[in-house]
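# Coordinate inspection notes
Single-letter residue listing:
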Protein chains: 2
Amino acid sequence: MKTPGLTNVRMEGGLLGQKNDLVREKVIPYQWRALNDDIADAEPSYAIKNFKIAAGEMEGDFGGMVFQDSDVAKWLEAVAYQLATHPDETLKKTADSVIDIIEKAQDDNGYLNTRFTIKDRDKRWTNLAECHELYCAGHMLEAAVAYFEATGERKLLDVMIRFVDHIGSIFGPGEGRKKGYPGHQEIELALMRLYKITGEKKHLDLARYFIDERGTQPHYFDLEYEARGKTDFWPDFYKGGKEYHQSHLPVREQKTAVGHSVRAVYMYTAMADIAARTGDESLKEACRTLWKNTTEKQMYVTAGIGSSGFQEAFTFDYDMPADRAYTETCASIGLVFWASRMLNMEKDGRYADVMERALYNGVMSGMNQDGDRFFYVNPLEVWPDACEKRKDHDHVKPIRQKWYGCACCPPNIARLFASIGEYIYSVTDQDLYVHLYNSSSVSWKGLSLKQKTEYPWNGRISMTIGGNTDTESSIYLRIPGWCQSWTVMVNGEEIKGSPEKGYLCLTGSWKEGDTIEADFAMPVERVYAHPRMRDASGKTALQRGPVVYCLEEADNGKDLPALLLAEDGIAESFEKNTLKGVVVLKAKGLREEAPADDSLYSGSRPVRSEQDLTFVPYYAWNNRKEGEMLVWIREI
Amino acid sequence: MKTPGLTNVRMEGGLLGQKNDLVREKVIPYQWRALNDDIADAEPSYAIKNFKIAAGEMEGDFGGMVFQDSDVAKWLEAVAYQLATHPDETLKKTADSVIDIIEKAQDDNGYLNTRFTIKDRDKRWTNLAECHELYCAGHMLEAAVAYFEATGERKLLDVMIRFVDHIGSIFGPGEGRKKGYPGHQEIELALMRLYKITGEKKHLDLARYFIDERGTQPHYFDLEYEARGKTDFWPDFYKGGKEYHQSHLPVREQKTAVGHSVRAVYMYTAMADIAARTGDESLKEACRTLWKNTTEKQMYVTAGIGSSGFQEAFTFDYDMPADRAYTETCASIGLVFWASRMLNMEKDGRYADVMERALYNGVMSGMNQDGDRFFYVNPLEVWPDACEKRKDHDHVKPIRQKWYGCACCPPNIARLFASIGEYIYSVTDQDLYVHLYNSSSVSWKGLSLKQKTEYPWNGRISMTIGGNTDTESSIYLRIPGWCQSWTVMVNGEEIKGSPEKGYLCLTGSWKEGDTIEADFAMPVERVYAHPRMRDASGKTALQRGPVVYCLEEADNGKDLPALLLAEDGIAESFEKNTLKGVVVLKAKGLREEAPADDSLYSGSRPVRSEQDLTFVPYYAWNNRKEGEMLVWIREI
């Protein structure tokens, strides 16, 4: 299985299309201003300036984080995806001008990184654990591949191939080369993308080397630490433990998701990529084990991952506090990447289920509906007072921010939604897989499929075939894991088959005008967590289709945990003017009232009064005003 | 109202008597070893060594915290209380030898503090905000007063009066004196104790000065910070904010309890002391306002205070997470001090209710039943995995420790239980107040009262009068706030009166052999928290009499939050051999089971199976083995 390629997919509205449009119309221009430090009252980026300085076009010192280059790379990658589907000469000119600067910032030997070009040139490659040189290289390589695929132009790709050659001359199995690998994984998956277009074994080999070498003994990060005189770039980073960057063990020996969650899922993505391309069974098995632990023991119902603000990390099985979740936007994005690679590795609808859950919840919550405010952290319960006054909520912002000093998330959302078409379909030599439902069309092997739907607001999807084929080919429709009841009709005739691994196979010699109609029953579901997940004990979360709901203060008043949900039915209605058009849920409920004497403790249960409850999609919270939010609610 | 004096109270067994015995028999000898760095595998104290070095009896450098002297002071104070009730020549000799060293460690000008005698003599009094010189002075002054009251010997008292004179020459309203006050309040309440025995107005005035000057502008801590060249003793302490040490406002303008909770209650204690002695109405009102906020908005059901590990501090109203509570043992001890002073200020059973709640719960939990392991932090829910793996649980230890580098709590418990007799009764010129119930006897005005009871295990108390009086006097019995139904009989005849402000007044010309019998119905109560206290939403805590109960893994298995309490009656039985004799509660309950497929999220509520639940007193938890603990439990 592989993606059909962005130029073969057209988004045609719908919620995912809205986000795709938003990225093109608002986010990319907004982020261009951010990268140029042109947003009032926002933390400056310095990112473009750094490249100009490194290119010799400006004087000045490096600004921002050691990984600041990656923000430019992710923005360029997002631009590339948009250019693939929506050519835009002005935007392309801007991008080309950035690429020109990047090229000028590259050293003769191929090295490219503004931080260690503007200063500390002698410290290049001395601190892989902390300094993100390979991470930045990976992001720029992704941008280069995307830009080449979108425009056919090689300038950035050639820059990056030179850099990859340089990296390959420094690191690898050969004598005289360092046995290193990145402190923040990313280049591995980028090299696999490069390999996809070059087919050059050395690109696969380097990716594989970084994955296979990781966590072996003697430990590279110990060796480089000794070699550079035991200095830290970040305070006490070295003491932070090797779990943080998943180098505590060789990857095949890792059984649970640990450490920094974005690093983790970027690495797992590359592992799945390599396993799929090489057929490496031990690596496949490692991917499956880590997937199971991540998604069945450590994943929030929003597909957020990372329960700890400290180290932005996984903690341990079933530890998922709603209010102190880290659940970084980037981590859910990485989970989408990983899920899509797992699907490429082996057909299993559970991967697509998680991918869908992440997209409609933990990813989408990261950006506001105007495309200019961003959450880095996506908790499932917000009490603004606690965010302000409790140190253990330091990482939780009660409102989306204009930008971040560490701005990994905003351009990451941009590149994901800019390329969202890639995640809807997969193709094999013969067949088409439909993983996600959203109005769109796809072309493959001389055929096309046009999907029309109001998904996720209802589960009815009409598909029409374009083109003709004489040979049989299969269209695999994903039957969503959340769906208990469905029908699929081909040319008006109901299909009686059962899905296999989550996909219903429709085989035929497709002809122009053939129709496929799917109807996935989408009632409101009450979700219950495993009893060991103590934070959700005695509570339920509402989900409808793939969309998880929440209560907001804007609709329900303060003190949301004092509310209880009644057993009665829940009314749903699509409200066109609410939050850019969402299905709103209304339910009967109760509110626990303060005792008459307002006493802190009392011998009687709080008196309950009736209150109607309004639930809105979790992803859309905090688009009206600041206030409390709650996903898990008690039941009467 | 004032205390009858320790020599006039005799403890005669019972739970409080047990703790008093334990302090004498185990804790004082154990802590003497600790202060002498003689406990294997425990953090060293250095405290005695510091005094020897300062006294010129040893060579060496200062060790431990800047406030290490206070541990010696608190130990000496505990010893004094024991000597008052249980003369012991060997113990006294040890104490006298320490006092000799303390005297030798004093400077000619009266200054006494080993940290700034051994080193940084030039920095004396340059950093009141951080360096605890006045705090240590306060503790040693309390020890001196107690030692004088217990033994009649003045050596330590004279040392400390010289030091107080020195302090009075440095600080105060007069010209040329510094307008300072302590960064950690303590000396104010100690000066009030000194004033009680000296009657010297200058001692009252100095206490009052420290209270009245606090938080005025220009702010003293700013001035001294500037004056010493903007250096911090603790990293970034100055930036930590003035709420931390309650100097953000003049004390009479403070409306809510903020900042470091031990500092807060020590200050409030002094405020109540001063208000009671001077009749200062504005100070009384400030005390009432702060009391109301502390106990009605920010106090855990165990009478623990301080919801935040960061800064060991109060946070904001209704913010009381069970698992991340700080609820320092010392803070609950300070709450006992404050409550007893509020009682002295004005009769109100609510003060005694909180005092009792603290003693039987948040204080008593701080020490194990063998007197050699201590909790600093007393949460209401413990998940050992989280303590080990979650940074926001860094402050929570799942088992009591042998000692602490910052060992304020262990000797604080020792001095409180050594003087527990002081808290049971108060006297006025005429009358006796019985605040707490425990087998004991008290003498006042030629009369005695002997109390026999198994309290807190049942609510039956028999009191017998000794001696005769011709004039009428009143005995005020506290009707506990937790008690819904009670009878009191005098010489077999039921009293029909109503309590006033929580006390039932029994007036008579008491004769030898008169009896008072009280029976406080003590059923198991289910306590419910205010609905704004979100952490306890939908849950109940069991309380019987003043004792709050908990579930332990030792009795109920793991995953305690998966348990629910049934509505049925709860069986109680006194179990002599459990936890040194406690009433154990047994109840029907249910356990939520993992789903058959162990899935993290499911569309069905967890299946529930019957499980009998066992509750033990919260204070006695973690005396068997390490494991989970839970106070707030869901109900079916």
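For the structure itself, look to the data block above.
Rules of the game
Residues numbered from 1 in each chain as written. Chains lettered and ligands numbered in written order. Predicted model: local features only at pLDDT ≥ 70, side-chain atom pairs only at ≥ 80, totals over all residues. Heavy atoms only, no water. Contact = heavy atoms within 4.5 Å. Buried area = accessible area lost by both parts, 1.4 Å probe. Salt bridge = Lys/Arg side-chain N within 4 Å of Asp/Glu carboxyl O. Polar contact = N/O pair within 3.5 Å; in protein donor to acceptor, adjacent residues only side chain to side chain. Helix = DSSP H or I, 4+ residues; strand = E, 2+ residues; numbered from the N terminus. Pairing = 2+ DSSP bridges. Axes fitted to C-alpha atoms, helices over the stretch in contact; angles between N-to-C directions. Least-squares fit on C-alpha atoms with pLDDT ≥ 70 in both. Parallel < 35°, antiparallel > 145°, perpendicular 65-115°, else oblique. Left-handed = near helix turned anticlockwise from the far one by under 90°.

This part covers the interface of chain B and chain A. If you look at the interface, chain B gives 62 residues, while chain A gives 62 residues. Summed over both partners, the interface of chain B with chain A comes to about 4,900 Å²; 55% of that surface belongs to carbon and sulfur atoms. When the area that chain B buries against chain A is broken down by residue, the three leading residues are Arg534, Leu600 and Tyr601 of chain B, summing to 18%. Where chain B meets chain A, there are 15 salt bridges. Across the pair glutamate 381 of chain B and arginine 534 of chain A runs a salt bridge, and its minimum N-O distance is 2.8 Å. At the surface where chain B touches chain A, the tally comes to 28 residue pairs in polar contact (both at pLDDT 80 or more). At the level of elements, α13 (281-297), β2 (381-382), α16 (384-389), β13 (524-529), β19 (601-602) and β22 (633-635) of chain B are the ones that each hand at least two residues to the side of chain B that touches chain A.

A few words on the sheet that holds strand β8 (residues 473-478) of chain A. Residue and element names in this part refer to chain A. If you trace the four strands from one edge of the open sheet to the other, you get β3-β4-β8-β11, paired in mixed fashion. Each edge of the open sheet carries a strand with a single partner, namely β3 (425-427) and β11 (503-508). Each strand of the sheet is rotated relative to its neighbour by a mean of 20 degrees, with strand direction disregarded. Two elements, β3 and strand β4 (residues 432-434), share three bridges in a ladder whose sense is antiparallel. Bridge pairing in β4 places tyrosine 425 opposite valine 434. Strand contacts of helix α15 (residues 349-363): β8 and β11, with the helix running at about 50 degrees to β8, the strand carrying the most contacts.

Each of the two chain copies can be brought onto the other by rotation about an axis and movement along it. The two copies are related by a screw operation: chain B maps onto chain A through 180 degrees of rotation and 0.0 Å of translation along the axis, at an RMSD of 0.0 Å. Given the turn and translation reported, the copies of this chain are related as if by a two-fold rotation axis. Of every C-alpha in chain B, the one belonging to aspartate 392 of chain B sits nearest the axis of rotation, 2.9 Å from it. Mapped onto chain A, 100% of the interface residues of chain B are again interface residues, and the two copies thus contact each other with one and the same surface.

Put simply, glutamine 217 of chain A and proline 218 of chain A share a cis peptide bond, and its omega is -5 degrees. By the element assignment, proline 218 of chain A lies in the loop between α10 (201-213) and α11 (220-227). You will see that threonine 327 of chain A, though not glycine, has its phi angle at about 40 degrees, which is positive. Take threonine 327 of chain A: it is sitting in the loop between α13 (281-297) and α14 (329-345). With phi around 60 degrees, aspartate 37 of chain B is a residue other than glycine that occupies positive phi space. The residue aspartate 37 of chain B is located in the loop between α1 (14-35) and α2 (47-54) in this model.

This part takes up the packing of α10 of chain A against helix α12 (residues 261-278) of chain A. Residue and element names in this part refer to chain A. With their axes 10 Å apart at the nearest point, α10 and α12 run at an angle of 130 degrees to one another. When the interaxial angle is binned, α10 and α12 end up oblique. Along this stretch, α10 crosses α12, giving a crossing that reads as left-handed. Listed contacts from α12 to Leu204, Ala207, Arg208 and Ile211 of α10 are Met267, Ala270, Met271, Ile274 and Thr278.

As far as function goes, none of this settles anything; it's purely spatial.
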